[in-house]
Amino acid sequence: IVGLMLRTGGGDDFWYDRIEENLGVDVSDAVIVKGYDDHSGFHGDGTMYAVLEFSDDALEKQISMPGGWHALPLTDNLQTLIYGTRTPEKSVGPFIGKILPRVERGYWCFYDRQSQTADDGNVLNRNSFNYTIAIYDADTDQLYYCEYDT
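Residues numbered from 1 in each chain as written. Predicted model: local features only at pLDDT ≥ 70, side-chain atom pairs only at ≥ 80, totals over all residues. Heavy atoms only, no water.

## Description of the overall build of the protein
- Regarding its fold elements, the protein presents four helices and eight strands.
- Along its sequence from the N terminus, the protein presents helices and strands in the succession α-α-β-β-α-β-α-β-β-β-β-β.
- Computed over C-alpha atoms, the radius of gyration of the protein comes to 15 Å, within 12% of the 15 Å expected from 2.2 N^0.38 for 150 residues, which places it in the range of a compact globule.
- Projected onto its principal axes, the C-alpha coordinates of the protein cover approximately 50 × 35 × 25 Å.
- Burial analysis of the protein (150 residues in total) assigns 40% to the buried set.
- Sequence separation of at least 24 residues holds for 57% of the intrachain contacts in the protein that already meet a minimum separation of 6.
- Roughly 8300 Å² of accessible area belongs to the protein as shown, and the carbon and sulfur atoms make up 49% of that amount.
- With 11 positive and 25 negative side-chain charges, the protein shows a separation of 7 Å between the mean positions of the two kinds. (Helix = DSSP H or I, 4+ residues; strand = E, 2+ residues; numbered from the N terminus. Rg over C-alpha atoms; globule rule 2.2 N^0.38 Å. Buried < 20%, exposed > 50% of the residue type's maximum accessible area, 1.4 Å probe, protein only. Contact = heavy atoms within 4.5 Å. Areas by Shrake-Rupley, 256 points an atom, 1.4 Å probe, with all protein chains shown as cover. Lys, Arg positive; Asp, Glu negative; His and termini not counted. Charge placed at Lys NZ, Arg CZ, Asp CG, Glu CD.)

## Here we look at the pairing of strand β6 (residues 106-112)
- For β6, a buried count of six out of seven residues is recorded, marking the element as mostly surrounded by other parts of the structure.
- The pairing of β6 with strand β7 (residues 130-137) spans seven bridges and is antiparallel. The residue of β7 that forms the bridge with Y107 is Y136. (Pairing = 2+ DSSP bridges.)

## Details of the environment of Q79
- Checked against the element boundaries, Q79 lands in helix α4 (residues 76-83).
- A relative accessible area of 25% means that Q79 is categorised as partly exposed.
- On a C-alpha basis, the gap between Q79 and P94 in space is 8.4 Å, while along the polypeptide they are 15 residues apart.
- With near-sequence residues (within four places) excluded, Q79 lies in contact with L74, G84 and R102.

## Focus on the state of the cysteines
- Scanning the model with the defined rule gives zero disulfides in all.
- We note that C109 lacks a disulfide partner, and the nearest cysteine sulfur, in C146, lies 13 Å from it. (Disulfide = S-S within 2.5 Å.)

## Points about the pattern of salt bridges
- The full count for this structure, using the stated rule, is six salt bridges.
- Notably, a salt bridge pairs R113 with D149, separated by 2.7 Å at the nearest N-O pair. Taken together, the residues span a long stretch of sequence, with R113 in the loop between β6 and β7 and D149 in strand β8 (residues 142-149) at a distance of 36 residues.
- For R113, a relative accessible area of 27% gives the class partly exposed.
- Taken together, the shared-partner salt bridges connect E60, R105 and D139 into one network. (Salt bridge = Lys/Arg side-chain N within 4 Å of Asp/Glu carboxyl O.)

Okay, structure coming up:
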């Protein structure tokens, strides 16, 4: 019911349009089952988060093709960024809190809006973050989308 209200309510196409534009995929058949956006303040810092549920594997067919999506697992840097990394000597991250679940089988897409690249090689070597990350869970047909700005 929540997803239906988001899809048909005034201004809610913003979510679908934004996600489609940033990820380059068609999400029009999805239902948003969770979403929030707490961007505010002078610099627009905050987190935009959405969970989209699909009735079948139509999205997986789109993102399994060569392009900006990659089969899991995540890179080491993205693992640290999203879930954190711990060793006996140190603990680093997570930087976005615990909003993205661990997904075993699926795909991911990342774009660093600060350096304007899909390369995550230097993302941990700075004091602020501005990126978009999406993880698709092939077992549940759910897409987890996050924009994070500090």
